[in-house]
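For reference, the chains in residue letters:
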Amino acid sequence: MPFVYFQTFGCQMNVADSDELKRKLEARGFEETSCIADADLIIVNTCTVRQNAENKALARIKEFSKLKKPQCLLWVTGCMAQRMGDTLKDAIPGVSLVIGAKEIDNLDSIINEHLIHSSFYNQEHHSHSSVSDYITVMRGCNNYCAYCIVPYVRGDEHSIPVSTILDTIRARIDDGVKEITLLGQNVNSYNDNGTDFADLIVKVSALDGLKRLRFTTSHPKDCSDKLIRTIAETPQCCSHFHLPVQAGTDRILSIMNRRYTAKDYLNRIDTIRRYIPHADITTDILVGFPTETDAEFNDTLSLVKQVRYTTAFMFAYSVREGTAASRMTDDIPKQEKLDRLNRLIEAQTEITKEIYDSMIGSTIEVMINGRQDKREKFWMGQDNGCKRILVTGEHFNNGDIIRCSVKRSSGMTLVCDTQ
Ligand code: SF4
């Protein structure tokens with residue numbers, strides 16, 4: 001049996017693409033390995049969203065090209081592969097195939113073309129065992145936010161047909177999956193011949209055996225009342241919205257090309273809170289965007305304190321070649337960006353702690369997703385929102401949903417007992 005080793009960098013879309021590739025390779029007789037020395041095929045799924053991400057991926061690919069068995073294939077996939085193309089093969093001679101992010105829809109023919117004549121190929125089927133899975137429902141992005149490389153490397157938005165999505169999820173449920181996360185760069189703009197994202201949620205939720213449904217990422221300008229209402233009315237939908245705000249002031253939002261104002265954004269938050277008062281809302285924030293003043297940064301800080309996100313991904317701006325922002329002067333000194341980032345992280349960490357602490361004594365439903373490696377008396381899980389949970393208990397099955405009492409909080413994790 002041939003072995004494949006995966007290294008995945010970047011976002012959940014990349015994780016989903018790696019999972020897709022894994023399933024297709026498993027169906028052709030491959031088994032995943034965690035040992036490079038055993039691998040017959042190494043796949044590095046790359047990210048290009050920041051220069052740092054590319055540097056890390058390039059360093060790993062170079063390392064793999066030296067460590068791998070001589071006959072082992074080395075494939076590079078994803079966004080950096082799209083951006084660099086076959087120049088990667090020139091830069092790192094051990095690379096045998098480059099599959100760009102835009103080619104992900106053609107994986108079957110690419111795999112067949114490159115593996116069908118090798119001794120690796122067969123048709124044996126292996127099923128997927130995890131209880132949670134990601135399903136990509138749309139790819140690409142038309143938004144061209146000024147700082148973002150994604151539209152250039154992932155291409156224009158296109159939605160995967162409803163029937164394909166439903167068939168794929170049915171197959172995953174048959175394999176034991178209980179929780180699905182619908183993925184896309186901007187899932188809210190999903191449209192398959194008039195079926196929008198809210199309609200898709202209703203259709204997916206109707207599938208027998210699905211216990212939980214999640215989705216990411218949402219663009220605030222496309223997060224409609226209809227979608228929020230649908231999520232509120234659909235019991236399988238988890239109460240978590242990841243709604244990237246990026247900045248809290250209109251001038252910066254405008255030059256970022258986000259196409260909403262701070263007031264529009266806060267209006268979306270009010271609507272979510274009206275329909276789903278207990279929802280976890282999380283976000284992405286970029287500080288130190290070109291020309292951002294300290295007063296504008298303070299507006300972002302005020303918005304964060306007003307919304308009270310459960311958690312946030314917070315970054316200091318850095319130039320990404322090829323984006324609209326790369327033509328602006330990166331005029332905020334590095335130390336100033338880091339100071340703003342630290343002030344933001346400090347404020348958000350305090351809010352996160354307060355939200356987690358406020359849950360002590362409450363009853364929550366937790367989906368179990370495995371035993372904790374380090375302390376075996378704990379099982380790991382997730383509540384109906386985005387919070388990570390540790391539960392004490394003798395035995396659970398992955399995918400069980402259990403009622404728990406929250407005993408204490410460690411700031412980023414809730415520790416619970418079963419009821
Ligand atoms: S919505 Fe903006 S930030 Fe998100 S992928 Fe598209 S261009 Fe990038």
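Source: prediction; values computed, not measured.

Undergrad: I'm lost on the nonpolar core in this one. Help?
TA: Nonpolar side chains in soluble globular proteins generally cluster together in the buried interior. Counting residues in each nonpolar core, the largest one holds 96 residues, and the members touching the most others are Val4, Leu41, Ile42 and Val137. Residues lining this core come from more than one domain, with at least three contributed by each of domain 1 (3-115) and domain 2 (132-357). In this structure, Ile42 is in contact with Tyr5, Ile36, Phe64, Lys68, Cys72 and Leu74, ignoring residues within four places of it in sequence. Grouped together as the second largest cluster of nonpolar side chains are 13 residues, Ile364, Leu390, Val391 and Leu414 included.

Undergrad: Any chance you could explain the sheet that holds strand β14 (residues 280-287) here in plain terms?
TA: Two orientations exist for strands paired in a sheet by backbone hydrogen bonds: parallel and antiparallel. With parallel pairing, the three strands of this open sheet are ordered in space as β13-β14-β15. Two strands lie at the open edges of the sheet, namely β13 (240-242) and β15 (312-316), each paired on one side alone. Neighbour-to-neighbour, the strand axes of the sheet open up by a mean angle of 5 degrees, direction not taken into account. Pairing analysis gives five bridges linking β14 to β15, with the strands arranged parallel. Across the sheet, the residue bridging to Val287 is Ala316, located in β15. Packing of helix α13 (residues 334-357) onto the sheet brings it into contact with β14 and β15, and relative to β15 it is tilted by some 170 degrees.

Undergrad: In this structure, what is going on with helix α11 (residues 262-275)? I would like to understand it.
TA: Given 3.6 residues per helical turn, the α-helix brings residues three or four places apart onto the same face. Between its terminal C-alpha atoms α11 stretches 20 Å, which fits the 20 Å expected from 14 residues at 1.5 Å a residue. Looking at the buried residues of α11, the elements they touch are α9 (225-233), β13, β14 and α12 (294-307).

Undergrad: I would appreciate a short explanation of the environment of Ile36 in the present structure.
TA: Structurally, Ile36 is set in the loop between β2 (31-32) and β3 (41-46). The exposure class of Ile36 is partly exposed, given the 16 C-beta atoms found within 10 Å. For Ile36 and Val4, which are 32 residues apart along the polypeptide, the C-alpha to C-alpha distance reads 8.6 Å. Not counting the four nearest positions on each side in its chain, Ile36 is found in contact with Tyr5, Ile42, Phe64, Leu67 and Lys68.

Undergrad: Looking at this model, I keep getting lost on the sheet that holds strand β12 (residues 212-216). Mind explaining?
TA: Spatially, the three strands line up as an open sheet ordered β6-β9-β12, and their pairing is parallel. The open sheet is flanked by β6 (132-136) and β12, the only strands paired with a single partner. Averaged over all pairs of adjacent strands, the angle between strand axes in this sheet comes to 25 degrees, irrespective of strand direction. Note that β6 and strand β9 (residues 179-183) share five bridges and pair parallel.

Undergrad: Help me out: how do you make sense of the environment of Thr349 in this one?
TA: Relative to the helices and strands, Thr349 resides in helix α13. Along the primary structure Thr349 and Lys178 are separated by 171 residues, whereas in three dimensions their C-alpha atoms are 31 Å apart.

Undergrad: When you look at helix α1 (residues 12-26) in this model, what are you seeing that I'm missing?
TA: Here α1 is 15 residues long and its end C-alpha atoms lie 20 Å apart, about the 21 Å a rise of 1.5 Å per residue gives. Turning to α1, its buried residues number three or more, namely Met13, Asn14, Ala16, Asp17, Ser18, Leu21, Arg23 and Leu25.

Undergrad: I keep staring at the packing of α12 against α13 and nothing clicks. Help me out?
TA: Think of two packed helices as two axes; the pair is described by the angle between the axes and how far apart they sit. It is the contact of α12 with α13, at a shortest axis distance of 10 Å, that shows an interaxial angle of 10 degrees. In terms of orientation, α12 lies roughly parallel with respect to α13. Along the contact surface, α12 presents Phe297, Leu301, Val304 and Lys305, while α13 presents Arg340, Arg343, Leu344, Ala347 and Gln348. Taken together, the residues of the contact of α12 with α13 break down into five nonpolar, one polar and three charged.

Undergrad: Would you take a moment to explain the packing of α9 against α11 for this structure?
TA: Put simply, α9 and α11 touch, their axes get as near as 9 Å, and they point 25 degrees apart. The angle between the axes of α9 and α11 places the two elements in the roughly parallel class. Handedness of the α9/α11 crossing: right-handed. Of the residues in α11, those touching α9 at Asp225, Ile228, Arg229 and Ala232 are Thr271, Ile272 and Tyr275.

Undergrad: Whenever I open this one, unusual backbone geometry confuses me. Can you help?
TA: For residues that are not glycine, phi is negative in most cases, and the peptide bond is trans in most cases. Along the chain, Thr216 connects to Thr217 via a cis peptide bond; the corresponding omega equals 5 degrees. As for its position among the elements, Thr217 is in the loop between β12 and α9. Residues other than glycine seldom take positive phi values, yet Gln246 does so here, at roughly 70 degrees. For Gln246, the position within the fold is in the loop between β13 and α10 (250-255). Phi at Arg308 takes a positive value of approximately 60 degrees, unusual for a residue other than glycine. Position of Arg308 among the secondary structure elements: in the loop between α12 and β15.

Undergrad: Is there a simple way to explain the domain arrangement of the chain in this structure?
TA: Interface size is commonly expressed as the accessible area that is lost once the parts come together. When its domains are assigned, the chain resolves into domain 1 (3-115), domain 2 (132-357) and domain 3 (363-418). The centre of domain 1, based on its C-alpha atoms, is set 34 Å off from the matching centre of domain 3.

Thresholds, definitions, all that
Residues numbered from 1 in each chain as written. Predicted model: local features only at pLDDT ≥ 70, side-chain atom pairs only at ≥ 80, totals over all residues. Core = buried A, V, L, I, M, F, W, Y, C linked by C-beta atoms within 7 Å. Buried ≥ 20, exposed ≤ 12 C-beta atoms within 10 Å, placed from the backbone. Domains from an automatic or database assignment. Contact = placed C-beta atoms within 7 Å. Pairing = 2+ DSSP bridges. Helix = DSSP H or I, 4+ residues; strand = E, 2+ residues; numbered from the N terminus. Axes fitted to C-alpha atoms, helices over the stretch in contact; angles between N-to-C directions. Expected span 1.5 Å × (residues − 1). Parallel < 35°, antiparallel > 145°, perpendicular 65-115°, else oblique. Nonpolar A, V, L, I, M, F, W, Y, C, P; charged D, E, K, R; others polar. Left-handed = near helix turned anticlockwise from the far one by under 90°.

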